[in-house]
Amino acid sequence: MIAERSPANTWIVDDDSIYVYGLKKLISIKELNTQLSHFVNGEEAICALKKANEDHNLPDVILLDINMPVIDGWEFMHEFAKIKPRTGKKIAVYMVSSSVDLNDIHRAKNISEVSDYLFKPVRINQLKEVFDNV
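Residues numbered from 1 in each chain as written. Predicted model: local features only at pLDDT ≥ 70, side-chain atom pairs only at ≥ 80, totals over all residues. Heavy atoms only, no water.

**Some thoughts on the overall build of the chain**
Per the secondary structure count, the chain includes five helices and five strands. Taken against the 2.2 N^0.38 rule, which gives 14 Å for 134 residues, the C-alpha radius of gyration of the chain at 14 Å falls within 12% of a compact globule. Structurally, the chain occupies a C-alpha span of about 45 × 35 × 25 Å along its principal axes. Residue pairs in contact within the chain that sit at least 24 positions apart in sequence constitute 72% of those at least 6 positions apart. Surface accessibility of the chain: about 7800 Å² in total, with carbon and sulfur atoms responsible for 50%. Each charge class in the chain was averaged separately, 16 positive and 20 negative side chains, and the resulting centres sit 4 Å apart. (Helix = DSSP H or I, 4+ residues; strand = E, 2+ residues; numbered from the N terminus. Rg over C-alpha atoms; globule rule 2.2 N^0.38 Å. Contact = heavy atoms within 4.5 Å. Areas by Shrake-Rupley, 256 points an atom, 1.4 Å probe, with all protein chains shown as cover. Lys, Arg positive; Asp, Glu negative; His and termini not counted. Charge placed at Lys NZ, Arg CZ, Asp CG, Glu CD.)

In structure tokens form, the structure reads like this:
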């Protein structure tokens, strides 16, 4: 008998409510094994990350938009790099953007904490791969 994995704790950090709605619907329809939390900017997510570290309720996966108000994806990654060593947990961060700018892609791929760069809209096969690797 194969034990079923517990749902991945997934954080969506993105200010585009229409995209987030569609992403949540896709995850629900495809019955991907994940529990979702949503943050509209990097500052909300950083605050939640600090609190989650104290509560031992850290995410397994973060789907991070680049362009957001208050704290964008780049600033989030800068803060995340400071917090990550204290978490003691592997957290997969996927930068998700509609930007096809090679500078953005290379910049993201050069951040060691970033697992991959995904283009919006994220395809179902990409999501399955993300959650299969948790």
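Let us keep going from here.
**Observations regarding the nonpolar core**
Leu49, Ile62, Leu64, Phe76, Met77, Phe80 and Met95 are the most contacted members of the largest nonpolar core, which has 27 residues in total. Sorting the residues of this core by element identifies strand S1 (8-13), helix H2 (42-55), strand S3 (61-65), helix H3 (73-87), strand S4 (92-97), helix H4 (102-109) and strand S5 (114-119) as the ones contributing at least two each. Those residues in contact with Ile62 that sit more than four places away from it in its chain are Trp11, Val13, Phe76, Phe80, Ile91, Ala92, Val93 and Tyr94. The next biggest cluster of nonpolar side chains, apart from the first, holds 17 residues, and it includes Leu32, Val96, Leu118 and Phe131. (Core = buried A, V, L, I, M, F, W, Y, C linked by side-chain atoms within 4.5 Å. Buried < 20%, exposed > 50% of the residue type's maximum accessible area, 1.4 Å probe, protein only.)

**Here's the deal with the packing of helix H1 (residues 17-29) against helix H5 (residues 124-132)**
Their axes nearest at 11 Å, the elements H1 and H5 cross at an angle of 70°. Classified by the angle their axes make, H1 and H5 are roughly perpendicular. Judged by the twist between their axes, the crossing of H1 over H5 is right-handed. Of H5, the residues touching H1 (which contributes Leu23, Leu26 and Ile27) are Ile124, Leu127 and Phe131. Taken together, the residues of the contact of H1 with H5 break down into six nonpolar, no polar and no charged. (Axes fitted to C-alpha atoms, helices over the stretch in contact; angles between N-to-C directions. Parallel < 35°, antiparallel > 145°, perpendicular 65-115°, else oblique. Left-handed = near helix turned anticlockwise from the far one by under 90°. Nonpolar A, V, L, I, M, F, W, Y, C, P; charged D, E, K, R; others polar.)

**Some points on the environment of Trp74**
Structurally, Trp74 is set in helix H3. C-alpha of Trp74 to C-alpha of Leu36: the two residues are 38 residues apart in sequence and 22 Å apart in space. Apart from the residues lying within four places of it in its own chain, the contact partners of Trp74 are Ile66, Met95, Asp104, Arg107, Ala108 and Ile111.

**Description of the packing of aromatic side chains**
Overall, the coordinates contain three aromatic pairs when judged by the stated rule. Consider the rings of Phe76 and Phe80, whose centres lie 5.9 Å apart with planes at 15°: the pair is stacked. Residue Phe76 and its partner Phe80 are located together in helix H3, separated by four residues, close to a single helical turn. Exposure class is identical for Phe76 and Phe80. Each is buried. We note Arg107 situated over the ring of Trp74; from NZ or CZ to the ring centre the distance is 4.1 Å. Seen from the ring of Tyr19, Lys120 lies directly overhead, with NZ or CZ sitting 4.5 Å from the centre. (Phe/Tyr/Trp six-rings, centres within 6.5 Å; stacked < 30°, edge-to-face > 60°. Lys NZ or Arg CZ within 6 Å of the ring centre and 35° of its normal.)

**A word on the environment of Asp16**
Structurally, the position occupied by Asp16 is in the loop between S1 and H1. Classification of Asp16 by relative accessible area gives partly exposed; the value is 34%. For Asp16, the side chain forms a polar contact with the main-chain nitrogen of Tyr19, separated by 3.1 Å. (Polar contact = N/O pair within 3.5 Å; in protein donor to acceptor, adjacent residues only side chain to side chain.)

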